[in-house]
Structures are given as C-alpha cells and as structure tokens.
Amino acid sequence: MRGQVNLPALAVALLVVTTTAGLAFALADDAFASATRDTDDATATMLSERLVSERSPLTTRANVLNRGAVATFDADALARSFPVVGDAAVRIRLDDRTVAARGDARGGATVERVVLVERRERVTLEPTLATNRVTLPRRTAAATLRLDPPNGTTVSTVRANGRVLLHDPNGLDGAYDLDLRRYATVTLALDADGPLHEGNATVTYRASETTKALLEVSVDG
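Residues numbered from 1 in each chain as written. Predicted model: local features only at pLDDT ≥ 70, side-chain atom pairs only at ≥ 80, totals over all residues. Heavy atoms only, no water.

Chemist: Would you mind going over the overall build of the protein chain with me for this structure?
Modeler: When its secondary structure is counted, the protein chain shows three helices and 12 strands. Across the 221 residues that make up the protein chain, the buried fraction comes to 33%. Taking the intrachain contacts of the protein chain between residues at least 6 apart in sequence as the baseline, contacts between residues at least 24 apart amount to 73%. Of the roughly 13200 Å² of accessible surface on the protein chain, a fraction of 51% belongs to carbon and sulfur atoms. (Helix = DSSP H or I, 4+ residues; strand = E, 2+ residues; numbered from the N terminus. Buried < 20%, exposed > 50% of the residue type's maximum accessible area, 1.4 Å probe, protein only. Contact = heavy atoms within 4.5 Å. Areas by Shrake-Rupley, 256 points an atom, 1.4 Å probe, with all protein chains shown as cover.)

Chemist: Please explain the sheet that holds strand 9 (residues 163–167) as it appears in this structure.
Modeler: Across a sheet, strands are paired by hydrogen bonds formed along the backbone, either parallel or antiparallel in direction. Taken in spatial order, the four strands line up as 6-11-8-9 in an open sheet, and their pairing is antiparallel. Looking at which strands have only one partner, the edges of the open sheet turn out to be strand 6 (133–135) and strand 9. Between one strand axis and the next, the sheet turns through 20° on average, direction left out of account. In terms of strand pairing, strand 8 (residues 155–160) meets strand 11 (residues 187–192) through five bridges, oriented antiparallel. Bridge pairing links arginine 159 to alanine 189 in strand 11. (Pairing = 2+ DSSP bridges. Axes fitted to C-alpha atoms, helices over the stretch in contact; angles between N-to-C directions.)

Chemist: Can you walk me through the nonpolar core in this structure?
Modeler: Note that soluble globular proteins tend to have their nonpolar side chains buried in a common cluster. Counting residues in hydrophobic clusters, the biggest one holds 26 residues, and the most contacted among them are Leu47, Leu51, Leu65, Phe73, Ile92, Leu94 and Leu215. Put simply, the parts of the chain that give this core at least two residues each are helix 1 (2–51), helix 2 (67–71), helix 3 (75–81), strand 3 (89–94), strand 4 (97–102), strand 5 (109–125) and strand 12 (201–220). At four residues, strand 12 tops the list of elements feeding residues into this core. (Core = buried A, V, L, I, M, F, W, Y, C linked by side-chain atoms within 4.5 Å.)

Chemist: Explain the environment of alanine 142 to me, please; I cannot follow it from the model alone.
Modeler: Along the chain, the position of alanine 142 falls in strand 7 (residues 142–147). Between the C-alpha atoms of alanine 142 and alanine 207, which are 65 residues apart in sequence, the distance is 9.7 Å. Apart from residues lying up to four places away in sequence, alanine 142 is in contact with Leu178, Leu180 and Tyr205.

Chemist: Where do I start with the side chain of serine 218 in this structure?
Modeler: By secondary structure assignment, the location of serine 218 is in strand 12. At 2.8 Å, the side chain of serine 218 forms a polar contact with the side chain of threonine 110. Those residues in contact with serine 218 that lie beyond four places of it in its chain are Ala89, Val90, Arg91, Ala105, Ala109 and Thr110. (Polar contact = N/O pair within 3.5 Å; in protein donor to acceptor, adjacent residues only side chain to side chain.)

Chemist: Explanation requested: the side chain of glutamate 216 in the structure shown.
Modeler: Counting through the fold element by element, glutamate 216 comes out in strand 12. Among the residues examined, glutamate 216 registers a relative accessible area of 17% and is labelled buried. Side chain to side chain, glutamate 216 and arginine 91 meet in a polar contact 3.4 Å long. When neighbours within four sequence positions are excluded, glutamate 216 is seen to be in contact with Arg91, Ile92, Arg93, Thr110, Val111 and Glu112.

Chemist: What is the right way to look at the pairing of strand 8 in this model?
Modeler: In the case of a regular strand, side chains alternate between the two sheet surfaces. As judged from the four bridges shared by strand 8 and strand 9, these two strands associate in the antiparallel manner. Paired with alanine 160 across the strands is arginine 163, a residue of strand 9. Taking the residues between adjacent antiparallel strands as the criterion, strand 8 and strand 9 are bridged by two residues, where asparagine 161 takes a positive phi near 55°.

Chemist: How should the packing of aromatic side chains be read in this particular structure?
Modeler: Aromatic rings in a pair are described by how distant their centres are and how their planes are angled relative to each other. By the definition in use, this model includes one aromatic pair. Between phenylalanine 73 and phenylalanine 82 the ring centres are 6.3 Å apart and the planes differ by 70°, which places this aromatic pair in the edge-to-face class. Note on phenylalanine 82: relative accessible area 5%, which makes it buried. (Phe/Tyr/Trp six-rings, centres within 6.5 Å; stacked < 30°, edge-to-face > 60°.)

Shape is all these values report; function is a separate question.
Structure, rendered in structure tokens:
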C-alpha cells in the first residue's frame, strides 16, 4: 500500500526533474546562441571599422574607399588582410554588389556603414597661358608641371595660390612634381620675362570624384 501511495509522488518528482532539465537545456541553448550572436556582432563591427580605417588596403584615407582597390578585392585578400574574421563565414557588400564572400553568412550579424567611394582619373591640361595662369578645375594633392618656354623667354618662378613652389633665376625648363593642398582649389601662376603661349606648359594631375555608398559587413561564426 505504501508503494502505491508513493507512485503519484514519484511521478510528480520525475516530472519536476524532467521539466527542470529541459528548462536548463533551453537556457543553455539560449545562452550559447546569445553568446554566438554577440561574438558575430563584435567581429562584424571590428571588421567594418578596419575596412574603412586609414590603414586599410581598400582606402585612400579614413572612410573613403578606393574604387580600384575594391574592384580587385576578394575572399583571399579578405583572409590575408583581416585575420580578425578567423574561420567565420563573411560577406562584404557595397550597395547592391558583393565585394567578397566566404561561406554563408546570411544567418549571422550584420553591420552597415555609410562610406565614400573615390574614383580617380588622370587629367592633362594645356592652358592658353594668356595671363600666365591656370586654375585646376578639381582639387588634388599633387600634380606634374611640364615647362617648355619659347626661346628668349625665361620662367623663373611658379606659385600656387601665391605660395612659391618652384624658383630658379636661371630659368625653369622640364618636368616638375608639385606638392599641392588637397582641400583648396589651386591656381598656378608662372612668372616669366616674356610671353608664353599654349603648349609652353602642361599640367597633369589625378582628379578624384567621390560618391556615397552603403558598406554592409555580415559575419556568421
């Protein structure tokens, strides 16, 4: 009789043990999933920051991606340049294009950043030199000036916005690399003791054009 009386108590006890164990496993699964999500989110954040840092192989300066570097970037370059990703699945997208991908990262964490994408092109100007001046239509940090003054004319000084870049009282002739200021529109002025004409000077520089884009970094460890 005592054994029969204890059967319901035993059943209740087993139910409590089973429920507790199930709840413990569920909590453990939730904790593991939460930890995994946190790790993925941290890795995605770190990767996104390093992709746009000034030391990144993809940037010309902080938060400005070089279009040419982005075009040649792939999964191998990702693993080589950014070991922070480890063995995780990773996908990097720029607007609607996948830049690099490894594995399936659709179920992981995603970080988005607004960036600038810079495209550079080589531009050569051959000014008329009617006033011995030429204004570069786009801002640039450097340029190459080639001088070929006519016989009997000496170009002694070249200025950029009033700042002396080149000076030789015996005359400037040939190609010269100019260190300019990226954040200012530049006007070059040539000091000459005689007339200058179109063809006596050419200026070559790399112009840049930037557009906004959305960088999306997904990581699933």
